[in-house]
Amino acid sequence: MNISRDKISVIRVPFGLGGGIAGTEQGPTSILAAGLLDELKHLAPHGVSCDEVRLEQPHRDADSEDTNSETVYANSSLNLSPRSRQDGIIKYEPQVRAMSERTADRVARAALYGSFPLVLGGDHSVAIGTLAGMSRVYDKLGVIWVDAHGDLNTEHTSSSGNANGMVLAIATGLAAFKQTDIGQTRRLLRNRNIVLVGIRQLDDGEKTLIRSHGIHCFTIMDIDRLGIQEVIERALLLAGNDSDGIHLSLDMDALDPGEAPGVGTPVHGGLTFREARLAMEGLAASPSIASMDIVGVNPLKDKESRTSGLAVALAAAFMGKRIL
């Protein structure tokens, strides 16, 4: 199925319970305030829609323990009490599952109508739903994952229990909570079509999974050595090998925090904006990319909305905006 970027469905998912730091649930509002829709309307001749995955606010005491509720809570700043960290447990798992199912439904619906899903998070656990939704549309979905982190922990290798660090393990079936547990999703991602780009912080368990399961990983050192253009060209070949579509996931912590300070989990030594923009322009050349999410913007840590502005600029570059 070919999805054109001439028609774009912006899907806001203001969810922050998958990460450990408050503020990313405000990311979608911040990106829109930085002018995303104004940029996109000039790039999508068949129109831009904007919708939100509804996430209920809790009507209870913020300090109370309620780990079995199926209500989806958007605001991590409420300090809701998660289950105590235990081996094999995902924090706020009922809320993560419910958010993922609603997001998957919305993403799949947009794609089936031929509209390009552009999902705005939220922390990176939002991509659990995006990948599940796109896997209902594509039999053999590839993924290009631009991030400082691998997000390949399982419930047993994660030191935090945060879902945003387990997204790809869930999508590939390496975790106990699997993508096929989400609503009507019947497929898992194939390891050989997953390509990590810009990685500079991995846990030991993630390193083991990358090596043992044939997941492709271009670290920041690979980018220094090869150049971002070469890495993107290789990533497209690997993600697209025998796949029928590619999802692009951009965590804004892929950029260096000196340029993009407003992120949930900053790691020094990241991409420059120039490298990130060149990456987006290179990825835009591929008609196989059928969806995108932009996650990790944390307005509470940003400076003068710099990170939100960079997110808008990178989205516009991917959608076709050029300097000349």
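Residues numbered from 1 in each chain as written. Predicted model: local features only at pLDDT ≥ 70, side-chain atom pairs only at ≥ 80, totals over all residues. Heavy atoms only, no water.

Asks: Help me understand the overall build of the protein, please; the structure alone is not making it clear to me.
Replies: Of the regular secondary structure elements, the protein holds ten helices and eight strands. Compactness check: the protein gives a C-alpha radius of gyration of 18 Å against a globular reference of 20 Å for 324 residues, within 12% of the reference. Structurally, the protein occupies a C-alpha span of about 55 × 45 × 40 Å along its principal axes. Counting the 324 residues in the protein, one finds 58% classified as buried. Partitioning the contacts of the protein with sequence separation of at least 6, the portion at a separation of at least 24 is 74%. Within the protein, the 40 negative side-chain charges are centred at a point lying 4 Å from the centre of the 32 positive side-chain charges. (Helix = DSSP H or I, 4+ residues; strand = E, 2+ residues; numbered from the N terminus. Rg over C-alpha atoms; globule rule 2.2 N^0.38 Å. Buried < 20%, exposed > 50% of the residue type's maximum accessible area, 1.4 Å probe, protein only. Contact = heavy atoms within 4.5 Å. Lys, Arg positive; Asp, Glu negative; His and termini not counted. Charge placed at Lys NZ, Arg CZ, Asp CG, Glu CD.)

Asks: Looking at this structure, I do not really get helix α3 (residues 93-112). What am I missing?
Replies: Helical geometry: 3.6 residues make up each α-helical turn, so side chains three or four residues apart lie on a common side. Taking 1.5 Å as the rise per residue, α3 with 20 residues should run 28 Å; its terminal C-alpha atoms sit 28 Å apart, in good agreement. α3 sits mainly inside the fold: 14 of its 20 residues count as buried. Following α3 by one or two positions, G114 has its phi on the positive side, about 80°. (Expected span 1.5 Å × (residues − 1).)

Asks: Even after reading the chapter, I still don't get the side chain of N162, so can you show me in this structure?
Replies: You can see N162 is positioned in the loop between β4 (141-146) and α5 (167-172). With residues up to four places along the chain from it excluded, the contact list for N162 reads G18, G19, G20 and K91.

Asks: When you look at helix α4 (residues 126-137) in this model, what are you seeing that I'm missing?
Replies: Among the twelve residues in α4, twelve count as buried, and that is most of the element. Along α4, the positions that sit buried rather than exposed are V126, A127, I128, G129, T130, L131, A132, G133, M134, S135, R136 and V137.

Asks: Could you clarify how one ought to interpret the pairing of strand β7 (residues 245-251) in this entry?
Replies: Working note: regular strand, side chains alternate between the two faces of the sheet. Of all seven residues that make up β7, seven are buried, and the element is covered over most of its length. Burial of the side chains of β7 extends over both faces: G245, H247, S249 and D251 are buried on one face and I246, L248 and L250 on the other. Where β4 and β7 come together, six bridges link them in parallel fashion. Residue pairing for β7: I144 is matched across the bridge by L248. One ladder, built from six bridges, connects β7 with strand β8 (residues 289-295); its direction is parallel. Note on β8: the bridge partner recorded for H247 is S291. The parallel pair β7 and β8 is bridged by helix α9 (residues 273-284), and the resulting crossover is right-handed. (Pairing = 2+ DSSP bridges. Right-handed = clockwise from strand over helix to strand, strands pointing away.)

Asks: Is there a simple way to explain the pairing of strand β1 (residues 8-13) in this structure?
Replies: Among the six residues of β1, six are classified as buried, and the element is accordingly described as predominantly covered. Here β1 shows two buried faces, one formed by I8, V10 and R12 and the other by S9, I11 and V13. In this structure, β1 lies alongside strand β2 (residues 48-52), joined through five bridges in parallel fashion. Residue pairing for β2: R12 is matched across the bridge by E52. Across six bridges, β1 lies against strand β3 (residues 116-121) in parallel orientation.

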